[in-house]
Amino acid sequence: MKTLARGSLLDANQDIKRRREMAGAIQSALATRHHLSPLADEIGGRIVAGEFQVGDVLSERMFGGRNVSRTSFREAVKILAGKGMVRARPNTGTLVAPRSSWNLLDPDLMAWRLASGDIDRFIQDFFVLRQSIEPLAAESAAEHQNAEAIEQIRAALEQMRQEENRDPFGRTFVAADVQFHKAIFQASNNEFLVAMGNILEMPLTLSFSLHSSLHVGPANRLDLHEAVLSEIAAGRPAAARTASLRLLQGVAHHVHDVVTDQLGLGT
């Protein structure tokens, strides 16, 4: 009985340690966001965490003990309305909107998901999105052979190689990695894919910052990136698509394994 109790205590302590490490990683990732008003940040986080439910009426009176002004509340509501999280109804007030209307690619909303503990689902959903569009962009880039854009991909990879030796999980590596993927969209010669690359820049930065904070990345990550560039530069569309998918799948599996281990999921 004593041995069992001691084992349970050790497991509990390890779980607490894992969650503290994950919390630190999330805070580091959140630091990449642009400035947001404290009230909008609080309300948005509480909506995502489920403290405020769909259809709940929000007002400045809910924060009466903190001297929240009507003006600051309206400014916060305006920000959240732009993200699809709240709606104004005549004679009713400001209501929490259903999740189906939220802009889930908004970096603040993604950050709130991470902070609420929705980490594993966030990672899986984001990789599914990336796997549906990035291989297509790589295929298109290989087909159109935009020399200037391909050189930007190459330059980003070279920066990643330099940072791999200097600080493989630092912000400069993250920035170069984001630029590598964004440059592929730019090289696609497709206006909609280029626009999607611009939209994904901040979500990619947030996601990659989380990965780096956790020291996540397969040992062959640079080789996988190099393979994508090689196929694009060689003008092999099908092979470029396959290489891009292989890169995303390799990183996704590694990230999922590390996150589930840190959080104790699946045990």
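Conventions and cut-offs
Counting restarts for each chain: residues are numbered from 1 in the order of the written sequence. With pLDDT at 70 or above as the cut-off, local features in this predicted model cover only qualifying residues; side-chain atom pairs require 80 or more to be listed or tallied, and sums for whole chains, interfaces and linings still use all residues. Here the side-chain values reflect all heavy atoms present in the structure, with hydrogen atoms and water set aside. A fitted line through C-alpha atoms represents every axis, and for helices the fit uses only the stretch in contact; the resulting angles, taken between N-to-C directions, go from 0 to 180 degrees. Counting from the N terminus, the helices are DSSP H or I runs at least four residues long and the strands are E runs at least two residues long. Should an angle fall under 35 degrees it is called roughly parallel, over 145 degrees roughly antiparallel, and 65 to 115 degrees roughly perpendicular, with every other angle called oblique. Between two residues, a contact is recorded if the distance between any of their heavy atoms is within 4.5 Å. Nonpolar residues are Ala, Val, Leu, Ile, Met, Phe, Trp, Tyr, Cys and Pro. Charged residues are Asp, Glu, Lys and Arg, and all others, Gly as well, are polar. Helix span, as expected, comes to 1.5 Å for every residue beyond the first. Take the seven residues that end at a residue and the seven that start at it, fit an axis to each, and the angle between those axes is the bend at that residue. In the analysis that follows, any N or O atom pair within 3.5 Å is treated as a polar contact, provided that within protein one partner can donate a hydrogen and the other can accept it, and provided that, for residues neighboring in sequence, both atoms belong to side chains. Here a crossing is taken to be left-handed if its near helix is turned anticlockwise relative to the far helix by less than a right angle, and right-handed if that turn runs clockwise. Strands pair, by our definition, only if DSSP identifies at least two bridges between them.

Novice: Help me understand the packing of helix H4 (residues 107-115) against helix H5 (residues 119-144) in this model?
Specialist: Think of two packed helices as two axes; the pair is described by the angle between the axes and how far apart they sit. At their nearest, the axes of H4 and H5 sit 7 Å apart, and the two run at 140 degrees to each other. Between H4 and H5, the crossing angle belongs to the class labelled oblique. Contact residues: Met110, Arg113 and Leu114 in H4; Ile119, Arg121, Phe122, Asp125 and Phe126 in H5. Counted by class, the contact of H4 with H5 contains five nonpolar, no polar and three charged residues.

Novice: When you look at helix H8 (residues 191-213) in this model, what are you seeing that I'm missing?
Specialist: Here H8 spans 33 Å end to end across 23 residues, near enough to the 33 Å set by a 1.5 Å rise per residue. The axis of H8 is deflected most strongly, by about 40 degrees, at leucine 200, and proline proline 203 appears within four residues downstream. For H8, the N-terminal cap is asparagine 190; the gap from its side-chain oxygen to the backbone nitrogen of phenylalanine 192 is 2.9 Å. Looking one or two residues beyond H8, the residue adopting positive phi is histidine 215, at roughly 55 degrees.

Novice: Looking at this structure, I do not really get the packing of H5 against H8. What am I missing?
Specialist: Remark: H5 packs on H8, axes separated minimally by 11 Å, with the N-to-C direction vectors making an angle of 145 degrees. Considering the relative orientation of H5 and H8, their crossing is left-handed. Taken together, the residues of H8 that come into contact with H5 (itself represented by Ile119, Ile123, Phe126, Phe127, Leu129, Arg130, Ile133, Glu134, Leu136 and Ala137) are Leu193, Met196, Leu200, Pro203, Leu204, Ser207, Phe208, Leu210 and His211. Classifying every residue of the contact of H5 with H8 by side-chain character gives 15 nonpolar, two polar and two charged.

Novice: Help me understand the pairing of strand S3 (residues 93-96) in this model?
Specialist: Sheet analysis places strand S1 (residues 57-58) next to S3, joined by two bridges and oriented antiparallel. If you follow leucine 58 over to S3, its bridge partner there is threonine 94. Bridge count between strand S2 (residues 86-89) and S3: four bridges; the pairing is antiparallel. Along S3, the bridge assignment pairs valine 86 with valine 96.

Novice: So what exactly am I meant to see when it comes to the sheet that holds S2 here?
Specialist: Strand pairing within a sheet occurs via backbone hydrogen bonds; the two strands may be parallel or antiparallel. Taken in spatial order, the three strands of this open sheet run S1-S3-S2, and their pairing is antiparallel. The sheet terminates laterally at S1 and S2, the two strands that pair on one side only.

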